[in-house]
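Summary of the model geometry
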Amino acid sequence: MDKGLQLVLCVLTAMLLLGESSQTGATRNADAVRKVADLRGSGEGLPTLTVTTILEDPYVMVRSAELEGYCMDLLKALAAMLHFSYKVKVVGDGQYGAVSASGNWTGMVGEILRQEADIAVAPLTVTSAREEVVSFTTPFLQTGIGILLRKDTVSQEMSFFHFLAPFSKETWTGLLFAYLLTCFCLFLVARLSPCEWNEPKNEENHFTFLNSLWFGAGALALQGVTPRPKALSVRVIAAVWWLFTIALLAAYIANFTALLSSSSEQLPIQTFEDLVKQRKLEFGTLEGSSTFYFFKNSKNPIHQMIYEYMDKRRDHVLVKTYQEAVQRVMDSDYAFIGESISQDLAAARHCNLIRAPEVIGARGFGIATTQASPWTKKLSIAVLKLRESGDLDYLRNKWWESSCLHRSRDSWSPLQPQALGGLFLTLAIGLVLGVIAALVELSNRSRHAAGHVKKSCCSVFTEEICTRLRVKENARHSPEAAGKANA
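Summarised in this report is the structure supplied together with it. Residue positions are given per chain, counting from 1 as you read along its sequence in written order. For a predicted model such as this one, the threshold for reporting local features is a pLDDT of at least 70, and the threshold for listing and counting side-chain atom pairs is 80 or more; totals across whole chains, interfaces and linings nevertheless cover every residue. Processing note: side-chain calculations cover all non-hydrogen atoms of the structure and skip hydrogens and water entirely.

It is worth spelling out unusual backbone geometry at this point. For the bond from Asp57 to Pro58, the omega torsion is 5°, close enough to zero to count as cis. Secondary structure elements follow DSSP: runs of H or I no shorter than four residues count as helices, runs of E no shorter than two count as strands, and numbering proceeds from the N terminus. Mapping Pro58 onto the fold places it in the loop between strand S1 (48-53) and strand S2 (61-63). A positive phi angle, near 60°, is found at His83, a position not held by glycine. By the element assignment, His83 lies in the loop between helix H2 (70-82) and strand S4 (85-90). Given a relative accessible area of 51%, His83 falls into the exposed group. Backbone geometry at Gln115 places phi at a positive 60°, although glycine is not the residue there. In this fold, Gln115 is placed in the loop between helix H3 (107-113) and strand S5 (119-120). Burial status follows relative accessibility: with a 1.4 Å probe on protein chains alone, a residue under 20% of its type maximum counts as buried, one over 50% as exposed, and anything between as partly exposed.

This is the structure we're talking about:
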């Protein structure tokens, strides 16, 4: 009986010890999960996903022994919405995902296929080849293929008539018409005004049409030229024309300065065709990237030429990482072909870099999962919710903030007539006022003359106009000329 009781006590003691050991192990595991939850912003008891990614600025970066960036913020937001915890690992071979010579997938796609990771949150482009082996969510970023250049790699060839570029053709036409009209008004008012030309038969009118043209051209050059106006009507027109030319020259100088500053950003390589035609710059892309296979599979002749160039010089023009590509563009005559959104970031961080205008092959970055994974649809819906709430735009602006203070290369354009509409209107009003002032001066003279010759004011006014408009320049009648005429 005593032996049986001792056996029971031994069994109970062993069971208690085993239970305590199991509880201690569970507590340790819980602590480990809690540590991961604290680091990843997850809660205890949630499903844990292994996330593979790649180091690329600004998507995933190492700062202070921690991972941060656009994709890390996105992953944190997704985990909060879908209630899961996660462990992040950087892809072992540093590749995005392509088929190797042995037929196996490399990079993040390969890790998902080998079940080394559950999902891939990275700037991983959605392609048909990758879609055949893994599943993708709704793209969280839209991008394309662009050309990253250094601003001083090639010089912009100026047009021979580049000085005409600040104004549009319509503006130059309007300026020429305004100049001719103003000179004609000067010529006309100077003939009509008695203060400028008191005795048409005995005096010489210095404001001939050629002299009026010269006077207007001198004002355009901000130079005072003769003849100098004496009548109020002529001075009104001259003053309005001077005001017009000062404002016009200010607009021209300002727009020409903007043109010269923006010309440094207007590279002759605007398209992929321009890149193929030039011989100064080498160009390439990331080895094994979707961009490389885009050109390989494209039927476009230009794209085929780009692929053949990169394939023949594979060891020299293809780069391993995005950071290597940016550094090579800055240090040598090299153009990098890659994701336009990443190139925008490089141009925002390095002010001597610029992306060519043309973007081809619209595509998107998506989250890769295993095929038939229950997380694919959940993640897609969560991405759509983040887009609808504006959180994706916030992350885009946060990590793509530019540190360069300069005008955009597309911000300059030739000055159109509408921008100078008020200036032309002021000139027109001044011309009308000048003509009215000349007619008032002539009518006053006619009214005084009508009292002396006993004629009506209207008849004298008409005679004055006819006399002043018919008399030719330098038609001063000398006594000899008058004697010859009588003979």
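After presenting the structure, the write-up continues.
The next point concerns the packing of H2 against helix H15 (residues 391-399). Across the interface, H2 lies against H15 with an axial gap of 10 Å and an inter-helix angle of 155°. In terms of orientation, H2 lies roughly antiparallel with respect to H15. Helix-helix and strand crossings are classified by hand; for H2 and H15 the assignment is right-handed. Residues Tyr70, Asp73 and Leu74 of H2 lie in contact with H15, whose contacting residues are Leu392, Leu395, Arg396, Lys398 and Trp399. Each residue is assigned to one of three groups, with Ala, Val, Leu, Ile, Met, Phe, Trp, Tyr, Cys and Pro labelled nonpolar, Asp, Glu, Lys and Arg labelled charged, and all others, Gly among them, labelled polar. For the contact of H2 with H15, a count of residues per class yields five nonpolar, no polar and three charged. Fitting a line to C-alpha atoms yields each axis, with helices limited to the stretch in contact; the angle taken between N-to-C directions then spans 0 to 180 degrees. Roughly parallel refers to an angle under 35 degrees, roughly antiparallel to one over 145, roughly perpendicular to one between 65 and 115, and oblique to any angle outside these ranges. In this scheme, a crossing is called left-handed if the near helix is turned counterclockwise away from the far one by less than a right angle; it is called right-handed if the turn is clockwise. Note on contacts: a residue pair is in contact if any heavy atoms of the two residues lie within 4.5 Å.

This part takes up the state of the cysteines. By disulfide we mean two sulfur atoms from cysteines, separated by a distance within 2.5 Å. Across all of its chains, the model carries zero disulfides by this definition. The structure places no disulfide on Cys183, whose sulfur is separated from the nearest cysteine sulfur, that of Cys185, by 9.4 Å.

In globular proteins that are soluble, nonpolar side chains generally tend to be buried together. In terms of nonpolar packing, the biggest core is built from 47 residues, with Phe295, Met310 and Phe336 touching the most fellow members. Elements supplying a minimum of two residues to this core: H3, strand S7 (141-150), helix H8 (272-277), helix H9 (290-297), helix H10 (301-312), helix H12 (322-331), strand S9 (334-339) and strand S10 (353-355). If you tally residues by element for this core, the top one is H12, at five residues. Among residues more than four places away in sequence, those in contact with Met310 are Phe283, Gly284, Thr285, Phe292, Phe295, Val317 and Leu318. In this text, buried Ala, Val, Leu, Ile, Met, Phe, Trp, Tyr and Cys residues form a nonpolar core when linked through side-chain atoms within 4.5 Å. Formed by 32 residues, the second largest nonpolar core is a distinct cluster that contains Tyr59, Ala79, Leu141 and Leu395.

Pairing between strands is defined by DSSP: at least two bridges between them are needed. The strand order across the open sheet built from five strands is S4-S1-S5-S12-S6, with neighbouring strands paired in mixed fashion. At either margin of the open sheet sits one strand with a lone partner, and together these are S4 and strand S6 (135-136). Inspection of the sheet shows S1 paired to S4 by six bridges, in the parallel sense. Along S4, the bridge assignment pairs Leu49 with Tyr86.

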